[in-house]
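# Chains, contacts and geometry: an overview
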2 protein chains.
Amino acid sequence: MNRADGGPEARGGAAFLLAQLGAHAAGRFAERLAGLDLTPAQAGLLRHLAQNPGRSQRELADDLGMLPSRFVPFVDELEERGLIERRKNPRDRRLYALHLTPQGLDLLTALLDVAADHEQQICQALTRAEHQQLSALLRRIADQHELSPGIHPGYRWSQPRRSRGGAPTSRADGAG
Amino acid sequence: MNRADGGPEARGGAAFLLAQLGAHAAGRFAERLAGLDLTPAQAGLLRHLAQNPGRSQRELADDLGMLPSRFVPFVDELEERGLIERRKNPRDRRLYALHLTPQGLDLLTALLDVAADHEQQICQALTRAEHQQLSALLRRIADQHELSPGIHPGYRWSQPRRSRGGAPTSRADGAG
DNA sequence: TATTGTTATACTCTATAACTATA
DNA sequence: TATAGTTATAGAGTATAACAATA
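Now for a description of the structure that goes with this document. (Residues numbered from 1 in each chain as written. Chains lettered and ligands numbered in written order. Predicted model: local features only at pLDDT ≥ 70, side-chain atom pairs only at ≥ 80, totals over all residues. Heavy atoms only, no water.)

## Some points on the interface of chain B and chain A
- Listed by partner, the interface residues are 74 residues for chain B and 74 residues for chain A.
- The contact between chain B and chain A buries some 7100 Å² in all, and 64% of this surface belongs to carbon and sulfur atoms.
- When the shortest N-O distance is used, the salt bridge between Arg 140 of chain B and Glu 130 of chain A registers 2.8 Å.
- Our enumeration of links across chain B and chain A arrives at 24 residue pairs in polar contact (both at pLDDT 80 or more).
- Listing elements by their share of the side of chain B that touches chain A, those giving two or more residues are α1 (8-11), α2 (14-34), α3 (40-51), α6 (102-122) and α7 (128-144) of chain B.
- Here the residues of the side of chain B that touches chain A sort into 34 nonpolar, 26 polar and 14 charged. (Contact = heavy atoms within 4.5 Å. Buried area = accessible area lost by both parts, 1.4 Å probe. Salt bridge = Lys/Arg side-chain N within 4 Å of Asp/Glu carboxyl O. Polar contact = N/O pair within 3.5 Å; in protein donor to acceptor, adjacent residues only side chain to side chain. Helix = DSSP H or I, 4+ residues; strand = E, 2+ residues; numbered from the N terminus. Nonpolar A, V, L, I, M, F, W, Y, C, P; charged D, E, K, R; others polar.)

Dropping the structure here:
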């Protein structure tokens, strides 16, 4: 077999399949999130905020890999929707302390239901044992590459890229 | 454990890990491709063209999920670099037949070497047996979701998204 | 009339760099 | 002087809609 045929090791290797399936999974999840009127980055902030309440905007922007300047309107929208809350920090009046509101917590629970459904749909082809096996293998790879749990590189772009009509494939890149 | 804590099933599930690792793998591969002065979409076309020579621009744009209008300058650049060739189709003079040049074939072989290195680096944490096991599981999932072999959703965007300086993390989304 | 390749334009989103207020 | 939050602006990249040539 000629090496220059773009052979199976390139299209069927684990690395390519990871990239391809990862984008697919992220896109499907983004579709589901759209039903909750959330982008992947917004969902990421809600989850992150539930576990790290009271952090400043600067810290949160760093956590999610976003620019502070873009983080401002990003937070604005969620605050206007009553999902998160900006509290002034009395110790240092330059800082905000961001918190989830009760409404934000409600939406987060709905989000977790969606994520659980999504998980099952993606791994539908596997048995329960294989599903666990896959998770374990992926977690080991993620650990070795020192990926932060729960932080997706795609959060960097708060807005999903528009895809044209036809198939309902929103957000074909990585965020989920 | 409270469901609303953004618990482990959301951050450690296979679906999220797939999206996270997929974006990571795609980003790392994009960095390596930059060494060959190629974007992921360009690499995808070279590989696809090696196995599907003589197709029209319209067909190739459909294959890669790109808009025909954006496919034009996309092909222009590769043609100017002498990597691919537009041949007029004598049967239907509206169509071009795209082919890889010898130079394009050379670059493709270099690309496959890069892909092989990349594959090993991504799966470095796994034994040989586990690596094969992972590939098999991923392929079954990809088959069930009817993903086209070798076609990445990220090809839709021919240009990688710019990320800001610091860490050399080009293309954090899905294309590879 | 439909289709291929092409071009032009309007629009969306982003990074950069200022600016303010606090420290 | 340095930092948090904010705002404004210039630029990159895209989808949409036209267009000419050919069928």
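## Describing the protein's contact with DNA strand D
- Taken together, 23 residues lie near DNA strand D, and Gln 57 and Arg 58 of chain A together with Arg 70, Arg 93 and Arg 162 of chain B sit nearest.
- The contact atoms of DNA strand D, taken as those within 4 Å of the protein, divide so that sugar and phosphate hold 81%.
- Separating a base oxygen of DNA strand D from a side-chain N or O atom of Arg 94 of chain A is a distance of 3.0 Å.
- Take Arg 93 of chain B: an N or O atom from its main chain is 2.9 Å from a phosphate oxygen of DNA strand D.
- Every element with two or more residues in the surface near DNA strand D is listed here: α4 (57-64) and α5 (68-80) of chain A together with α5 (68-80) of chain B.
- For the surface near DNA strand D, the residue count by class is 6 nonpolar, 6 polar and 11 charged. (Near = heavy atom within 4 Å.)

Interpretation note: all reported values are geometric properties and have no functional meaning in isolation.
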